[in-house]
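# Architecture at a glance
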Amino acid sequence: MTLRIIDRIGMGFFLGLPILWIVLFMLVPYGVLLTYSFWIKSYPLFEPAFQFGNYLTLLNEPQYLSVIGRTLKIAVIVSVTALVLAYPFAYFLVFRLKNATIRKVLFFGVIAPLWVSYLLRAYLWKTILGTQGVLNSTLMGLGIIGEPLDVFLYSQAAMVITLTYIFIPFMVMPIYAALEKIPRNLDEASADLGQSSWTTFWRVTVPLSLPGVVAGFTLTFCLCFGDFVAAFLVGGPDGLMVANVITSQFGAALNWPLGSALAVVMLVVVLAIISLSDRFEQRARVQF
């Protein structure tokens, strides 16, 4: 009996720590954020209330809708671009590259940037795309342009390039893992049935790798949707994203209620994407 009590206490302590961590550092902050979103801005601070004025402001002010739309657009473009680049690369590593050592080296080369500072990776592209950067210097050296161009930096295109480079490892890893789990005898069986490599790819490989594709797309989209450093470094005025507006509302504007409302909207969008991707992944597993 004593051992059972000790086991129960130990198990309760073992399970209680992560639950306590989630409550204190996730649920409580989200609750505070939701509470603040209903408060009223009252100069110089704000006062408690229960009203939807902050959410109505987001709906009625075109600038906020524009920022949300721009953030969604950039996140989708980055996710699609990363998918287009990551899937062929992962497929090549798993199905075409026979040398295991080279495969590991190439895979490590993709995930190695994750161990480098995020700011350093963002500054790298600022250096490449800047007026005195590698791209302008190369074009001038080839005689294509006569003077440095400033169109490469501080644009949405620069943001897409930078964010794709930063987040593409999160697309490669789940796709690579999903492709590795596909039994090789399925390709052989398809070939024995007279199917071409292209048909096998679309009817066998792609459907079975959909869970990895969905997971990678969701990770990349959510990380990109919440990013604000790249927009600050290479985005410029046309690259302002939701996270930048939230930062300004909690900082210079000192409008915590409006910033909280915008953060809640951002959280709802991310949860909706995660929910949709989970349903899509489950449907893909059942279907195939």
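Residues numbered from 1 in each chain as written. Predicted model: local features only at pLDDT ≥ 70, side-chain atom pairs only at ≥ 80, totals over all residues. Heavy atoms only, no water.

### A word on the overall build of the protein chain
- Broken down by element type, the protein chain carries 12 helices and two strands.
- Listed by position from the N terminus, the elements making up the protein chain come as α-β-β-α-α-α-α-α-α-α-α-α-α-α.
- The C-alpha atoms of the protein chain give a radius of gyration of 24 Å, which is well past the 19 Å a tight globule of 288 residues would have.
- The long-range fraction of contacts in the protein chain, counting pairs at least 24 apart against all pairs at least 6 apart in sequence, stands at 69%.
- Accessible area for the protein chain stands at about 17000 Å²; split by element, carbon and sulfur atoms hold 71% of it.
- A gap of 8 Å separates the mean positions of the 17 positive and 13 negative side-chain charges of the protein chain. (Helix = DSSP H or I, 4+ residues; strand = E, 2+ residues; numbered from the N terminus. Rg over C-alpha atoms; globule rule 2.2 N^0.38 Å. Contact = heavy atoms within 4.5 Å. Areas by Shrake-Rupley, 256 points an atom, 1.4 Å probe, with all protein chains shown as cover. Lys, Arg positive; Asp, Glu negative; His and termini not counted. Charge placed at Lys NZ, Arg CZ, Asp CG, Glu CD.)

### Structural notes on the packing of aromatic side chains
- Summed over the entire model, instances satisfying the criterion amount to 23 aromatic pairs.
- Aromatic pair Phe38 and Phe50: ring centres 4.9 Å apart, planes at 35°, arrangement tilted. On the criterion of sequence distance, the pair formed by Phe38 in the loop between α1 (2-36) and β1 (40-42) and Phe50 in the loop between β2 (45-47) and α2 (53-60) is long-range, its members being 12 residues apart.
- For Phe38, a relative accessible area of 13% gives the class buried.
- Here Phe50 falls in the exposed class, since its relative accessible area comes to 65%.
- Pairwise contacts between aromatic rings join Tyr87, Tyr91, Phe95, Trp198, Phe201 and Trp202 into one cluster. (Phe/Tyr/Trp six-rings, centres within 6.5 Å; stacked < 30°, edge-to-face > 60°. Buried < 20%, exposed > 50% of the residue type's maximum accessible area, 1.4 Å probe, protein only.)

### Some remarks on helix α9 (residues 197-225)
- Across its 29 residues, α9 extends only 36 Å between first and last C-alpha, which sits more than 12% below the 42 Å expected from 1.5 Å per residue.
- The largest bend along α9 reaches roughly 50° and is located at Leu210, with the proline Pro211 sitting one to four residues downstream. (Expected span 1.5 Å × (residues − 1). Bend = angle between axes of the 7 residues up to and from the residue.)

### Regarding the environment of Tyr36
- Position of Tyr36 among the secondary structure elements: in helix α1.
- If we ignore the near neighbours within four places in the chain, the residues touching Tyr36 are Phe46, Asn54, Trp256, Pro257 and Ser260.

### Considering the packing of helix α7 (residues 156-180) against α9
- Where α7 meets α9, the closest approach of the two axes is 8 Å, and the angle between their N-to-C directions is 155°. Here α7 is positioned roughly antiparallel relative to α9, judged by the angle of their axes. Like other packed secondary-structure pairs, α7 and α9 cross with a definite hand, here right-handed. Along the contact surface, α7 presents Leu163, Phe167, Phe170, Met171, Pro174, Ile175, Ala178 and Leu179, while α9 presents Thr205, Ser209, Gly212, Val213, Ala215, Gly216, Phe217, Leu219, Thr220, Leu223 and Cys224.
- Class assignment of the residues belonging to the contact of α7 with α9 gives a composition of 14 nonpolar, five polar and no charged. (Axes fitted to C-alpha atoms, helices over the stretch in contact; angles between N-to-C directions. Parallel < 35°, antiparallel > 145°, perpendicular 65-115°, else oblique. Left-handed = near helix turned anticlockwise from the far one by under 90°. Nonpolar A, V, L, I, M, F, W, Y, C, P; charged D, E, K, R; others polar.)

### Some thoughts on the environment of Phe25
- If you trace the backbone, Phe25 turns up in helix α1.
- Overall, Phe25 belongs to the exposed group, its relative accessible area being 52%.

### Description of the side chain of Thr218
- Relative to the elements of secondary structure, Thr218 occurs in helix α9.
- Accessibility expressed as a relative area gives 11% for Thr218, which makes it buried.
- If sequence neighbours within four positions are ignored, Thr218 has contacts with Ile273, Ile274 and Ser277.

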